Amino acid sequence: MRIYYTFFMCLCLVLNPCEAASTFISHQWVVSYSQRSLLGAEKQIIVINGMFPGPLLNGTTNDVFNINVHNNLTEPFLITWNGVQMRRNSWQDGVRGTNCPIPPGKNWTYNFQIKDQIGSYFYFPFLLLQKAAGGFGPIRLNNLDSVPPPFPRPDGEFDVLIGDWFNSDHRDLRASLDTGISLPMPDGILINGLGPKEAVFDFEPGKTYRLRISNVGLKTSLNFRIQGHDMLLVETEGSYVQKQHYDSLDVHVGQSYSVLVTAKEKISNTSYYMIATSRFTEFNMSGLGLVRYPNSTHNPVGPVPPAPGPYDYAFSVQQAQSIRLDLNVGAARQNAQGSFHYADINVSRTLVLRNDVVLNWEKLRYTVNGISFVHPETPLKLADHFQLNDTFTPDLFRDFPPETPPSLGTAVVDVLYESFLHIVLENPLEDLQSWHMDGHNFFVVGMGFGAWSWSNGVTYNLVDAISRSTVQVYPYSWTAILVAMDNQGMWNVRSQTVENWFLGQELYFRVKGEGQENPKNIPVRDESPIPENFLRCGKVPPP
């Protein structure tokens, strides 16, 4: 259920100019189990309001969301908003480091306002490998009427959620990881939660459609394409890009793109394949949907259009580097994206984050700079607020990979508010990595094979690098990003590859103002206060 109401929101704080009218959007979401047959196998999945994928979360720049989540599962539950940048409000991030889980049979209301942001995103369950059971759904953040998108309004929109799928129960997969056994190959690829040729997209001749594509899977990069149709890439994770046509598009785990597809002019009695094919895997898998026209009575004609070579990394890197920010248009604001000259900002700090894998502590673990993340009993955000100083050690993490044995720990990096970070993501492993940062977008300024060195800085794109929140790091390679830490709070930085993330490849950035000992003392204008309805767990004192 959705409820809309609007009022003029004009706080006119010293640091915040008055804004246009904000819409309050309320939802009641019931999270429960449902028995479904997918890819020919019965499985208990997680549905929201009986839907799989879950309902569309649809809003506009500056909107305020109230989402009351009823947990009818037998397990604790949290939902996180992949790529949505909440205004100074990591309390609502829905991750284990900021929120106590919603207990079975209970409910909790998320309340947050999005930042100056547009674009395509998705939500998913954060805890207990529940993402492997579903519980995910699409998010659209639309432009204000005063800031039109830099392309004609499409005749229709489709959310296209693609991802690998495992027939095994998420609890069994979790138990395997807990005992040190890596995830097996997926059993297939789903498109909008459906198997081969079950997802249907109806086109009208000559009309143009916006497809918002997100990889909601666990571990597999996917190549997306539509038989007989070109795709004009226009947006990725809140940034408008220089418009280019693509025959196919690599979408890595956790990433989202918007493309415009123009339907054929003449009515045909045939349909066309929509394809999502696994990349960089030993065995190729494909999910198939159908693009259907009026009077389409036949299946697609001809073979499925081939994907790039399964291990063609050069193709993927070249495509990634071809995606550039359109400096001449606005996104959430009227001023052009290029008005933010990131190359002219002095770098405050450089961090090199190296992911690795270890067989230690009698099982498989993943590390960042030698630390395999362990969640404390109390969420970090609450521990910080209530000054539970024995929960984590802020200086545990090093800015560069240390020459010390790996260890278990709770990695929290203190970052000064409004600092400008240069972060290098190093991947010495043979598998592609996908990294995500909550609460912020970053500029992807460089990619390269081999080990990173300071001299690589001369190759950086300091003009029109794409801004996004999830980026891939190819095998035996590095990716460099620049990010303005303009959102105070406790923010999760994680692998989007669920196995790596579940087994320790994550950390938290604690972004706070200079001289502020903990976020409890940050002025309201800089960070939202603790919610009145916050859940208590761990060592949080009773009310």
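Here's what I pulled together on the structure shown here. Model, not experiment: these values are computed from the prediction. (Residues numbered from 1 in each chain as written. Predicted model: local features only at pLDDT ≥ 70, side-chain atom pairs only at ≥ 80, totals over all residues. Heavy atoms only, no water.)

**Quick word on the packing of aromatic side chains**
Scanning the model with the defined rule gives 28 aromatic pairs in all. On the basis of an interplanar angle of 85 degrees and a centroid distance of 5.4 Å, the ring pair of phenylalanine 158 and phenylalanine 201 is categorised as edge-to-face. Of this pair, phenylalanine 158 sits in strand β10 (residues 156–165) while phenylalanine 201 sits in strand β12 (residues 199–202), and the two are 43 residues apart along the sequence. Through a chain of ring-to-ring contacts, the aromatic side chains of Trp29, Phe65, Trp81, Trp108, Tyr110, Phe112 and Tyr123 assemble into a single cluster. Residue placement shows arginine 494 over the ring face of tryptophan 501; its charged tip is 5.6 Å from the ring centre. (Phe/Tyr/Trp six-rings, centres within 6.5 Å; stacked < 30°, edge-to-face > 60°. Helix = DSSP H or I, 4+ residues; strand = E, 2+ residues; numbered from the N terminus. Lys NZ or Arg CZ within 6 Å of the ring centre and 35° of its normal.)

**Notes on the nonpolar core**
Grouped together as the largest cluster of nonpolar side chains are 136 residues, with contacts concentrated most on Trp81, Leu211 and Phe509. When sequence neighbours within four positions are dropped, the list of residues in contact with leucine 211 reads Phe158, Val160, Phe203, Phe224, Ile226, Tyr257, Ser258, Val259, Val261 and Met274. Phe151, Leu260, Val329 and Ala331 belong to the second largest nonpolar core, which has nine residues in total. (Core = buried A, V, L, I, M, F, W, Y, C linked by side-chain atoms within 4.5 Å. Buried < 20%, exposed > 50% of the residue type's maximum accessible area, 1.4 Å probe, protein only. Contact = heavy atoms within 4.5 Å.)

**A look at the environment of asparagine 284**
In this structure, asparagine 284 sits in the loop between β19 (272–278) and β20 (286–292). Note: C-alpha distance between asparagine 284 and leucine 144 (140 residues apart in sequence) is 42 Å. Once residues within four sequence positions are removed from consideration, asparagine 284 is found in contact with Ser278 and Pro310.

**A short note on the sheet that holds β20**
The five strands are arranged β12-β20-β19-β14-β17 in an open sheet whose pairing can be described as mixed. The two strands at the open ends of the sheet, each matched to only one other strand, are β12 and β17 (249–251). Across the sheet, the mean angle separating the axes of adjacent strands is 25 degrees when strand polarity is ignored. Across five bridges, strand β14 (residues 222–226) lies against β19 in antiparallel orientation. (Pairing = 2+ DSSP bridges. Axes fitted to C-alpha atoms, helices over the stretch in contact; angles between N-to-C directions.)

**Let's talk about helix α2 (residues 313–322)**
Taken together, the buried positions of α2 are Tyr313, Ser316, Val317, Gln319 and Ala320. End-on, the buried residues of α2 take up no more than an arc of 165 degrees, which puts them together on one face. Of the residues in α2, the exposed ones pointing more than 90 degrees away from the buried face are Ala314 and Gln318. Among the structural elements, β16 (239–246), β17, β28 (442–449) and β30 (470–473) are those in contact with the buried residues of α2. (Arc of directions from axis to C-beta.)

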